[in-house]
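# Residue-level structural notes
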Amino acid sequence: MNIVAVTACPTGIAHTYMAAEQLEKTAKALGHQIKVETQGAMGIENELTASEISAADAVLFAVDIEVEQRERFEGKKIVEVPVQMAIKDPTGVLAKLG
Amino acid sequence: MSSTDSSGGQEYRFHFPLPNGLHARPASHLQELADHFQSAITLVNERTGYAANAKSVLSLVGADVKTGDPCKMIFSGSDEGLAHNEVTTYLCGDFLRCDEALPPTQELPGSVFIPRSLRKAGLEAHHAGIPLCRGIGWGTVVRIGGLTLPTSLKNEKAGEPAKEEASLRQSIQDVGCALEKKIAASSNQQESEVLKAHLGILHDSEFDTKLRELILEEKLTAGQAIIAAGEHFMALLQNAQSSYLRERVLDIQDICSQLLKSTYGAHPGTEEVTLTQPSIVVAESLTPGQFLSLDRSQLQALVLGHAGATSHAVILARSFGIPTLAGLGTAAALLQAGKEIIVDANRGIVIPEIKEPISSFYRRELSKAGRIREAMSSLSSLETATADGNRLEIAANIASVAEVAPAFESGAEGIGLFRTEMIFMDRDAAPTEEEQANIYTAVVQASAGRSVIIRTVDIGGDKPVSYLGLPPEVNPFLGYRGVRIYKEFASLIKTQLRAILRAAEHGAVRLLVPMVSSVEEVRHVKALITESREELRAVGSSAADACIEFGIMLEVPAVAFQMPNLCEEVDFFSIGTNDLTQYWMAADRDNAKVAPLYNSIHPSFLRLLKTLVDAAHAKGKWIGMCGEMAENATLLPLLIGLGFDELSMAPPRIPAIKAGVRKAKFRECAELAEQVLTSSVAAEVMEHLDRFEKSGESLPIVSPGLVLLHSEAVTKEEAIRELVNVLEIENRTTAPDTLEEEIWNREDTYSTGFGGGFAIPHCKSAHLSANTIAILRCRKEGPGIEWGSLDGAPVHIVILLAIREANSGKEHLKILSTLSRQVMRDEFRDQLRSQDTPEAIAQFITAGLFA
């Protein structure tokens, strides 16, 4: 599966990146393709482009706050989970993407 | 509701109508009325069951009747019918008008901020006060003053009871007369009400009964009986529910003090206090002499009643770094002698009951303070200069010989101000030349060749001295004080000058003259010095030719436009910023309404400073500062940049200021000063200073000092507190309580324990000097910390990430995001678990982050 994801936690220092790390690790282990955009204290990193989004099979938001530039994902089916869940149970979260 | 009691006598039931309960004032009105009747009149508080004698103010007040309480008045005696009618009429009529709304409560100290860890430690009862000298003291309460007798009188054996009683009667009569005179003379309604209430207590039948009992049955002296009776009734009131009643404790104390004075004369003898264990001294006020007689190795803290920030006892306390709190009001009366308490003069609270885990919290605070002091003192012995080699002397303000050694231990390079007022105060006659010469010589010798600046006496006005007979003034700050009185008291001043010249034979002494406003005054003092030299010559003293430099305080604004003239007459200057700011801004710092105007960073004041410094340097004179502004670390770069040659301050501040000077670069400070002087408002000045502080060289993000292994913490609160403390020790923050709160704000959102025995608390905070990573590791075999983690397991390793609000460099933020990713990897976590020294861990993290 080709996955794009966004992580964003309240302070933007730690959990944003911890979740990104978990999702990347787990997705690769399960044989998926994944690109994770982080929205944190440094702003948006690893930004998802319009073509990457439209080409994706699934969109995952592991977020506790509003996603910036959410318009980019219009028209796509988004699965949204709290950041903690992506950290604690990345396999389960990816399973939700069907 | 009236009824006739079956056993005879009449009753009247009612609900207490007055808004503030039955306190001393309405009680005295009721008592006055009840006294007219022969019958016994009793007021029963049906809520508590307490039955009070309506003819005794103290008894009535002791009934603790609150507004709305159901009460019953019982009248029993030959005129019970009449008494019943008149009293009930009164209770439904005039009585309702005899009380008024309480005067607005006094300015309370600013609200106290209790950090989470202390709240969680169960801090319930605490008293708030105004911190006058920071620090934490833990010890046993020793009370000075208040209702006490000097030891000799305390143990005195009583004479004939009849004699003691007669003595007491006389005192009661005398005090009563004095009160009546005051009431007659008073034009203030509130004041005369209070005085009447005091009179009521004095003539109170219960009070009287108690005193007689103590003299006749317990065979006490008049003085001992007064104290015992006072304590008895104070204890009664102290348990009252309403704070207003508790405040009446002070009324009783007042009356008893007056009685004691009347019995023994104005000075019943100074009390000698010997501290035998770590102690906290609680007093309404302390004379400098009393303070200095306290064994400082045992004195842990001071709690003072009404001391202002500039009272002499407080100046001394700060000089020795004794934590001091003031303004506790009535709460101070509740601190019992012998009780173990903690004074936290950092947060402005007193903890009257010490229990775990509060005691652990404060043990850690004390240990932290000790480590910070150690770190500071290692830098103390060096001469002070900026990083780019600009010399700036850091000196000490003192007022007694005892302070000299501690001053040099803190790293002072000289005595920048030896205040001599205390030598002249609290005594009946001026100190002799001999006495003064001994003191000044002792200070000079203890300074072992380093410069000592002795300021001639600055008395008058608010620092009165009885034997000079100076009349009280309406406006002492603009009055007859300092150099202004030297003409009239020439002989007094010349005595001091001769003593100073004698001391100058033993070392490097400089003279400093206060409150100078004109060249004439300077010339006059120099003439006095010449005369003093002649007087010494006449007795064959070699001190006649002792070398001393001559300087003046810059505190009267008029000096600003006389500098070239003054430079012709003097060798150096010292700016007294406390008074200069008051005069320049025309605002009394002790007047709450205008205190905010007293602002030493007002752009106009800063330009004044620059004018003074430039003018002095233009004529090759050195210029220093001895006011409180000198000890302010935030303003230090500015003072360096303005070009001061010397800063003199209370010794406890010296290590921090010396460290600050060494870190600074003169060139940058000079640029800062230029910028600051263009500000239009004080807020702009602060912005410049804040920005300057933040732009400082950044500290490394992690260091061995930030790694805590073998932590004993068992709760989240303890762990976070330990981490915040180590940040303070490592100079990453000066606001640990605020930082703690910010970490908790994030932690409260959801737990940062993400499993595997790790937690990663973090925050963004303006109260950090640099981005910081700190690590806390519990003992492996230990239980770990309940963190509410995702996997429910306890945490053994806590990684604190703290970043500054200001956009202070993407590199550091990158480090934190890298660290956050790495901490999800098993190998990384295993390494953190197994590395066994702080150096290894700090190195490991640093290496990993920059990979």
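The shown structure was predicted, so the numbers you read here are calculated from the model rather than taken from an experiment.

## Section: the overall build of chain B
Within chain B, the secondary structure is distributed over 30 helices and 27 strands. Taken across its 851 residues, chain B has 54% of its residues classed as buried. Within chain B, contacts between residues at least 6 apart in sequence are counted, and of these 69% link residues at least 24 apart. Surface accessibility of chain B: about 36,200 Å² in total, with carbon and sulfur atoms responsible for 52%.

## A look at the overall build of chain A
Helix and strand content of chain A: four helices and five strands. Across chain A, contacts joining residues at least 24 apart in sequence account for 59% of those joining residues at least 6 apart. When the accessible area of chain A is evaluated, it comes to approximately 4,200 Å², of which 48% is carbon and sulfur surface.

## Details of the interface of chain B and chain A
Counting residues at the interface gives 23 residues for chain B, matched by 22 residues for chain A. Here chain B packs against chain A, burying approximately 2,000 Å² in sum over the two surfaces, 64% of which is carbon and sulfur. By the criterion of area lost to chain A, the three top residues of chain B are Y750, L790 and R821 of chain B, representing 35% of everything that side buries. Taken together, chain B and chain A are joined by three salt bridges. A salt bridge links R821 of chain B to E24 of chain A; the shortest N-O distance between them is 3.2 Å. Counting across the chain B and chain A interface gives ten residue pairs in polar contact (both at pLDDT 80 or more). When residues of the side of chain B that touches chain A are traced back to their parent elements, those giving at least two are α27 (736-749), β25 (762-765), β27 (797-804) and α28 (810-822) of chain B. Sorting elements by how many residues they give to the side of chain B that touches chain A places α28 of chain B first, with seven residues. Tallied by class, the residues present in the side of chain B that touches chain A amount to eleven nonpolar, six polar and six charged.

## A look at a negative patch on the surface
All names here are of chain B. Together, D388, E668, E671 and E674 make up a region of like negative charge exposed at the surface. Position of E674 among the secondary structure elements: in helix α24 (residues 666-676). Owing to a relative accessible area of 61%, E674 belongs among the exposed residues under this scheme.

## A closer look at the packing of aromatic side chains
Residues and elements named next belong to chain B. Under the criterion given, the structure shown has eleven aromatic pairs over all chains. Look at F361 and Y362: their rings are 5.2 Å apart centre to centre, the planes differ by 75°, and that puts the pair in the edge-to-face class. The exposure class of F361 is buried, given its relative accessible area of 4%. On the basis of relative accessibility, which here comes to 0%, the residue Y362 falls in the buried class. Within the aromatic cluster, the residues linked to one another by ring pairs are F16, Y90 and F95. Between the NZ or CZ atom of K526 and the centre of the ring of F550, over which it lies, the distance is 5.9 Å. The ring of Y750 carries R746 above its face, with NZ or CZ at 4.5 Å from the centroid.

## Quick notes on the pairing of strand β12 (residues 340-344) of chain B
Residue and element names in this part refer to chain B. With four of five residues buried, β12 is to be regarded as a mostly interior element. As paired strands, strand β8 (residues 136-144) and β12 are joined by five bridges and run antiparallel to one another. By the bridge assignment for β12, I136 is matched with D344. Sheet topology note: the β12/strand β13 (residues 349-351) ladder contains three bridges and is antiparallel. Paired with I342 across the strands is I351, a residue of β13. Two successive antiparallel strands, β12 and β13, enclose a turn made up of four residues, where G348 displays a positive phi of approximately 80°.

## Looking at the sheet that holds β12 of chain B
Residues and elements named next belong to chain B. One open sheet holds the eight strands; their spatial order is β6-β13-β12-β8-β9-β10-β11-β7, and the pairing between them is mixed. The open sheet has two edge strands, β6 (127-128) and β7 (130-133), and neither has a second partner. With respect to the sheet, helix α13 (residues 358-377) is in contact with β8, β12 and β13, its orientation differing from that of β8 by roughly 105°.

## A short note on the sheet that holds strand β15 (residues 415-419) of chain B
Residues and elements named next belong to chain B. One closed barrel accounts for eight strands, arranged β14-β15-β16-β17-β18-β19-β20-β21; its pairing is parallel. Going across the sheet, the axis of each strand differs from the next one's by a mean of 25°, ignoring polarity. In the sheet, strand β18 (residues 549-554) pairs with strand β19 (residues 572-575) via four bridges, with the strands oriented parallel. Note that in β19 the partner of G551 across the bridge is F572.

## Regarding the nonpolar core
Formed by 99 residues in total, the largest nonpolar core has its most connected members in I552, F573, L612, F644 and L647 of chain B. At nine residues, the largest contribution of residues to this core is made by helix α17 (residues 490-504) of chain B. Not counting the four nearest positions on each side in its chain, F644 of chain B is found in contact with L392, I575, L609, V613, I623, G624, M625 and L639 of chain B. Listed in part, the 53 residues of the second largest apolar core include A27 and M42 of chain A together with L790 and F828 of chain B.

## Here's the deal with helix α29 (residues 826-834) of chain B
Each α-helix turn comprises 3.6 residues. Residues three or four places apart therefore point the same way. Of all the positions in α29 of chain B, only F828, R829 and L832 of chain B are classed as buried. Seen from one end, α29 of chain B has its buried residues packed into an arc of 95°, which puts them on one side.

## Here's the deal with the environment of I493 of chain B
Residue and element names in this part refer to chain B. Here I493 is to be found in helix α17. Judged by relative accessible area, which is 1%, I493 ranks as buried. Residues I493 and I529, spaced 36 residues apart in sequence, show a C-alpha to C-alpha distance of 9.3 Å. Setting aside residues no more than four positions away along its own chain, I493 makes contact with V457, Y486 and L528.

## A closer look at the pairing of strand β3 (residues 40-45) of chain B
Residue and element names in this part refer to chain B. Note that β3 and strand β5 (residues 70-76) share six bridges and pair antiparallel. Each residue of the ladder has a partner; that of T42, found in β5, is I74. Both β3 and strand β4 (residues 51-53) contribute to a ladder of three bridges, which runs antiparallel. Each residue of the ladder has a partner; that of T42, found in β4, is N53. Hairpin connection from β3 to β4: five residues lie between these consecutive antiparallel strands, with G49 at a positive phi of about 85°.

## Thoughts on the pattern of salt bridges
Residues and elements named next belong to chain B. According to the stated counting rule, one finds 54 salt bridges over all chains in the structure shown. Between E11 and R13 there is a salt bridge, with its nearest N and O atoms 3.5 Å apart. Here E11 falls in the buried class, since its relative accessible area comes to 7%. Overall, the relative accessible area of 32% leaves R13 in the partly exposed class.

## A closer look at unusual backbone geometry
Residues and elements named next belong to chain B. The linkage connecting E356 with the following residue, P357, adopts the cis geometry, with an omega of -5°. By secondary structure assignment, the location of P357 is in the loop between β13 and α13. One non-glycine residue with positive phi stands out, namely A448, at about 45°. Although it is not a glycine, A586 adopts a positive phi angle of roughly 50°. Structurally, the position occupied by A586 is in the loop between α20 (577-585) and α21 (603-618). Looking at A586, the relative accessible area reads 69%, which means it is exposed.

## Points about the side chain of E521 of chain B
Residues and elements named next belong to chain B. One can find E521 in helix α18 (residues 519-538). With no salt bridge to any partner, buried E521 finds its closest opposite charge in R484, at an N-O distance of 4.6 Å. Ignoring anything within four residues of it in the chain, the contact list for E521 reads V483, R484, M515 and V516.

## Regarding the packing of α17 of chain B against α18 of chain B
Residue and element names in this part refer to chain B. Contact geometry of α17 with α18 gives a least axis separation of 9 Å together with a crossing angle of 65°. With respect to α18, the element α17 is oriented roughly perpendicular. Between α17 and α18 lies a crossing of right-handed hand. Of α18, the residues touching α17 (which contributes A490, I493, K494, L497, R498, L501 and R502) are L528, I529, E531, S532, R533, E535 and L536.

## Focus on α20 of chain B
All names here are of chain B. By the criterion of burial, α20 is predominantly enclosed, with eight of the nine residues buried. Every buried residue of α20 is accounted for by T577, N578, D579, L580, T581, Q582, Y583 and M585. For α20, the secondary structure elements touched by its buried residues are β18, β19, α21 and β20 (622-625). Positive phi shows up at A586, right after α20, with a value of about 50°.

Analysis parameters
Residues numbered from 1 in each chain as written. Chains lettered and ligands numbered in written order. Predicted model: local features only at pLDDT ≥ 70, side-chain atom pairs only at ≥ 80, totals over all residues. Heavy atoms only, no water. Helix = DSSP H or I, 4+ residues; strand = E, 2+ residues; numbered from the N terminus. Buried < 20%, exposed > 50% of the residue type's maximum accessible area, 1.4 Å probe, protein only. Contact = heavy atoms within 4.5 Å. Areas by Shrake-Rupley, 256 points an atom, 1.4 Å probe, with all protein chains shown as cover. Buried area = accessible area lost by both parts, 1.4 Å probe. Salt bridge = Lys/Arg side-chain N within 4 Å of Asp/Glu carboxyl O. Polar contact = N/O pair within 3.5 Å; in protein donor to acceptor, adjacent residues only side chain to side chain. Nonpolar A, V, L, I, M, F, W, Y, C, P; charged D, E, K, R; others polar. Patch = residues over 30% accessible without salt bridge, like charges linked within 9 Å, V, L, I, M, F, W, Y side chains within 5 Å. Lys, Arg positive; Asp, Glu negative; His and termini not counted. Charge placed at Lys NZ, Arg CZ, Asp CG, Glu CD. Phe/Tyr/Trp six-rings, centres within 6.5 Å; stacked < 30°, edge-to-face > 60°. Lys NZ or Arg CZ within 6 Å of the ring centre and 35° of its normal. Pairing = 2+ DSSP bridges. Axes fitted to C-alpha atoms, helices over the stretch in contact; angles between N-to-C directions. Core = buried A, V, L, I, M, F, W, Y, C linked by side-chain atoms within 4.5 Å. Arc of directions from axis to C-beta. Parallel < 35°, antiparallel > 145°, perpendicular 65-115°, else oblique. Left-handed = near helix turned anticlockwise from the far one by under 90°.

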